[in-house]
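# Understanding the architecture of this molecule
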Amino acid sequence: MPLSSTSEKGSKPSQPQASFGFRCIGCGAVTAAAAQDFRCSECGNLLEITDSSWNSRNPTALKTLWRERRSLNASLDLSGVWRFRELLPAPQSAEQVVTLREGNTPLYELPQSSRSIGVSRLYAKHQGMNPTGSFKDTGMTVAATFARQAGYRWVACASTGNTSASMAAYAARGGMRSLVLVPEGKISWSKLSQALDYGALTCQLRTDFDGCLRLLQELVRQAPVYQLNSINPFRLEGQKTLALELLEQLDWQPPDHIIVPGGNLGNSSAIGKALIEMLDLGLIPSLPKLSVIQAEGANALVRTLREGGGKRLVSVQAETRATAIRIGNPASWEKAVKVLQATGGACEQVSELEIAQAKAEIGAEGIGCEPASAVTLAGLKKLLRQGFVKPEETVVLVLTGNLLKDPDFTMGFHRGDLFQDTADERESSRLNPFRHPPVVLDASLDAVIKTLEQAEKSDPPHSNA
Ligand code: F0G
């Protein structure tokens, strides 16, 4: 339901009508309210938000309205999420909305990678350009809004870092307190420092992400805290707008492929839901294939499809340097399986070396991302080799987090010690052409000029020539 009608310019809300409900993805039961754990009371499966009013929209009018809002200055219109509010659950009033002007992220071309791997049009949708540096903000604005509206004083999440940073920021903006559960020693300092600065009560638990999430599930049944993990279906509604905004940026011409990293599998589920809704509404003529890429050491979805036929979850003991996706027991696996099947997408895994190389290649295009995001480029190379992606096709990589989210990884890579004392150490030398280590010199003109001359002689791995 919209907060303002098509005739209104600006944020003036129309009368609220809570027309949405919660539908179980397992048994299909629809309810008006959801329990604290966001699971179906009948069969225990996850819920998704459904709203019959979405189907009665005029696609051409919606496209015009959404574009017009880009020139308006009302708070909701400035948000790249609430700009698409006709396809979101409606809060009681515009004043309830907790926003940091999320969304409206750039779509970049990747000309160097496109040439070097041999695909004709390659784009990166950079969700790392959100207010707290990751895609989580687009979902958090919606879920935090509904938490505040429901009167919660505390919100909580388990996290590999980005969710906690985002939740802490939105809780602070919305006047709520936040509780963060993160695996001790397994998230980047940048992300942890964000949660601290935004005032979260931050608990570093001696377990992994899956252990943190399990504990949170028990906590929400006993304490009046509102959980903001992607099990919360309001999060996924906000994350849908990535796909709406992307298609708008492509003038509603669907790309052939969208490739996204997979961790807890909320984001792939959200993007898939948006694509299917867009097709149903007539906003797009066909579905892009949505593919999910995981790290080899955290490949639960890959194994669920290969060994479990997509019917039962195959959990893993997760291990990867891409700490954002170090998840072995993904909560939204069934939603992700459904969207892979609906869009005809693939699911692949990539090695630690492939991730590191892809991250350096994206960085060399001048945009940069965190390791978990780089699985998309590494995965694309594999899908091209397999013939699943054709050279003449258009591909969009979803970059989920900002380069500055994990400086330790980047420094380790360029210094050359990222793979020290690991099984990959010997083979990692093939990544040397992608490294740009800092040079320590005497403060003399001569020394700098000599270094410049040496650099001029060695070709960079990518060249625009
Ligand atoms: N990329 C980044 C940068 C992430 O932070 C995450 C998840 C993902 C990809 C995977 O997305 O879970 O929706 O499949 N990070 C969560 C967190 C788990 O706690 O920050 P997903």
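Reading the values: the criteria
- Counting restarts for each chain, with residues numbered from 1 along the sequence as it is written.
- Totals for whole chains, interfaces and linings use every residue, but because this is a predicted model, local features are given only for residues with pLDDT of at least 70 and side-chain atom pairs only at 80 or more, for both listing and counting.
- Calculation of side-chain values draws on the structure's entire complement of heavy atoms; hydrogens and water are dropped beforehand.
- Here a residue is near a molecule or strand as soon as one of its heavy atoms is found within 4 Å of it.
- Any pair of N or O atoms that falls within 3.5 Å is considered a polar contact. Within protein, one atom must be able to donate a hydrogen and the other to accept it, and sequence-neighbouring residues count only if both atoms are side-chain atoms.
- Put simply, DSSP marks the helices as runs of H or I at least four residues long and the strands as runs of E at least two long, and each gets a number from the N terminus on.
- Gly counts as polar in this scheme, as do all residues outside two lists: the nonpolar Ala, Val, Leu, Ile, Met, Phe, Trp, Tyr, Cys and Pro, and the charged Asp, Glu, Lys and Arg.
- We call Phe, Tyr and Trp rings a pair once their centres come within 6.5 Å, taking the six-membered ring for Trp, and we label the pair stacked below 30 degrees between planes, edge-to-face above 60, and tilted otherwise.
- Summary of the burial criterion: residues with accessible area below 20% of their type's maximum are buried, those above 50% are exposed, and those between are partly exposed, where the area comes from a 1.4 Å probe applied to protein chains only.
- Patch membership requires over 30% relative accessible area and the absence of a salt bridge. Like charges are linked within 9 Å, and nonpolar side chains (Val, Leu, Ile, Met, Phe, Trp, Tyr) within 5 Å.
- In short, Shrake-Rupley with a 1.4 Å probe defines the accessible areas, and a residue's cover is counted only from the protein chains shown.
- When a carboxyl oxygen of Asp or Glu is within 4 Å of a side-chain nitrogen of Lys or Arg, the pair counts as a salt bridge.

### A closer look at the site of the ligand
Close contacts around the ligand come from 20 residues, with Ser-159, Asn-264, Leu-265, Asn-267 and Thr-400 the closest. Here a nitrogen atom of the ligand and a side-chain polar atom of Thr-400 are 2.7 Å apart. Of all the elements in the fold, those that place two or more residues in the shell around the ligand are α5 (162-173) and α10 (266-281). Residue composition of the shell around the ligand, grouped by class: seven nonpolar, eleven polar and two charged.

### Side note on the packing of aromatic side chains
Tallying each qualifying case throughout the model produces nine aromatic pairs. Look at Phe-22 and Phe-234: their rings are 5.8 Å apart centre to centre, the planes differ by 85°, and that puts the pair in the edge-to-face class. Here Phe-22, found in strand β1 (residues 21-24), pairs with Phe-234, found in helix α8 (residues 233-239); they are 212 residues apart in sequence, far enough to count as distant. Phe-22 gets classed as buried once you look at its relative accessible area, which sits at 5%. A relative accessible area of 5% places Phe-234 in the buried class. Their ring planes at 70° and their centres at 5.0 Å tell us that Trp-66 and Phe-84 sit as a pair that is edge-to-face. With Trp-66 in helix α1 (residues 59-69) and Phe-84 in the loop between α2 (75-78) and β4 (107-109), this pair connects stretches of sequence that are 18 residues apart. As far as burial versus exposure is concerned, Trp-66 and Phe-84 are alike and both buried.

### Brief notes about a nonpolar patch on the surface
Taken together, the side chains of Val-439, Leu-441 and Val-448 present a nonpolar region at the surface, about 250 Å² in accessible area. Inspection of the secondary structure puts Val-448 in helix α16 (residues 445-457). Taking relative accessible area as the criterion, Val-448 reaches 45% and is therefore assigned partly exposed.

### With respect to the pattern of salt bridges
Per the counting criterion, the structure on display carries 23 salt bridges. Its salt-bridge partner being Lys-273, residue Glu-277 comes within 2.8 Å of it at the nearest N-O pair. Note that Glu-277 and Lys-273 are positioned in helix α10 at a spacing of four residues, about one turn of the helix. Accessibility classification places Glu-277 together with Lys-273 in one group, the buried group. In this structure, Arg-385 engages Glu-354 in a salt bridge whose closest nitrogen and oxygen atoms are separated by 4.0 Å. Linking Arg-385 in helix α14 (residues 371-385) with Glu-354 in helix α13 (residues 352-363), this pair joins segments that are 31 residues apart in sequence.

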